[in-house]
Structures are given as C-alpha cells and as structure tokens.
Amino acid sequence: MKSIEITEFQPEGYKPLVDYESWRVAVLKFCDDLRPENLRTMQKHNESDEVFVLLSGECSLFAGGYGEAPGQIEVFEMQPLRIYNVKKGAWHTHTLSADGVVLIVENKNTCDDNSPTKPLSGEQIKELHAACARFL
C-alpha cells in the first residue's frame, strides 16, 4: 500500500478526489454549467456544511438564505486561500472564471438525495447576472 496517493485534477467540472470515512475532498473547475447565463437554480445540503477554498482564478459564491426556496441573494467574491463554509441548509450556487479552481470539502454522502435543487425566479436570475457581469 502506498503511503502517499496522488490524484490529478480533471479538465473541467466537479470531481471527488479523496473519500475517507465520513468526508470527501473534491475539486471544481470551470465548466459551461457554471457560466452566469446558465445559472438557473440553487442547491442546499440538508445533512452537512460544505467548505469552499478558491485556489486560482475568480469565483462568485451566491447564498440564498434558508427555507423552502432561495430568498434574497447575497454575493461573496471569494478570495484565494480563504475558507468559505456554506452552512447546512443554506441555498447556494457559484460561478467561476475560465481559470477558476475551487477545492471543496464535504460529507462523503452528499448527493442529490439529500441536496435539493430549486429554480430561481426571473428577478433572482437578473440579480445573479448583475453581480457577475465581469464573467459574461
């Protein structure tokens, strides 16, 4: 058994890199789904927090509060190497620049079954587009 496991990042999108007991480390790289014009939903995780760390490029993290559906949107322009902990049950989404890379730490069992997605209203979509105009 090797004492060090080395995993390379994939070309784009989300990919789990390491699962261990109850936690997972993943990476998120730019992909078409994360273009501002393609953001139409927010997701929340019902069973855990989710940690984001910007490694390179730019990332806007959007929070939509708690409740049955996303509400008022807050924008967080991520700074490299700072930890952004999205609390359990908080609606969120994000957009990345073409060179964006984000490290994600989450529960290993985080999946669609415990992470509902809801559509955003037309007004919320306009807010997102205005907040990330530099990516358009």
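I will try to describe carefully the structure that is included in this document. (Residues numbered from 1 in each chain as written. Predicted model: local features only at pLDDT ≥ 70, side-chain atom pairs only at ≥ 80, totals over all residues. Heavy atoms only, no water.)

What the five strands build is an open sheet, ordered β1-β2-β9-β4-β7; its pairing is antiparallel. Both edges of this open sheet fall to β1 (13-20) and β7 (83-86), since each of them pairs with a single strand only. If you compare each strand with its neighbour and ignore which way they point, the axes differ by 25° on average. With seven bridges joining them, strand β2 (residues 23-29) and strand β9 (residues 101-107) adopt antiparallel strand pairing. By the bridge assignment, L28 is partnered in β9 with V102. (Pairing = 2+ DSSP bridges. Helix = DSSP H or I, 4+ residues; strand = E, 2+ residues; numbered from the N terminus. Axes fitted to C-alpha atoms, helices over the stretch in contact; angles between N-to-C directions.)

As a further point, take the pattern of salt bridges. Enumeration according to the criterion identifies four salt bridges in this entry. Two residues, D32 and R35, come together in a salt bridge whose shortest N-O distance is 2.9 Å. Between K87 and D49 there is a salt bridge, and its shortest N-O distance comes to 3.0 Å. Of the two residues, K87 sits in the loop between β7 and β8 (92-96) while D49 sits in the loop between β3 (41-43) and β4 (50-56), which places them 38 residues apart along the sequence. (Salt bridge = Lys/Arg side-chain N within 4 Å of Asp/Glu carboxyl O.)

Across all of its chains, the model carries zero disulfides by this definition. Lacking any disulfide linkage, C59 is separated from the closest cysteine sulfur, that of C132, by 10 Å. For C111, which is in no disulfide, the shortest distance to another cysteine sulfur is to C31 and amounts to 19 Å. By relative accessible area, C111 is classed as partly exposed at 32%. (Disulfide = S-S within 2.5 Å. Buried < 20%, exposed > 50% of the residue type's maximum accessible area, 1.4 Å probe, protein only.)

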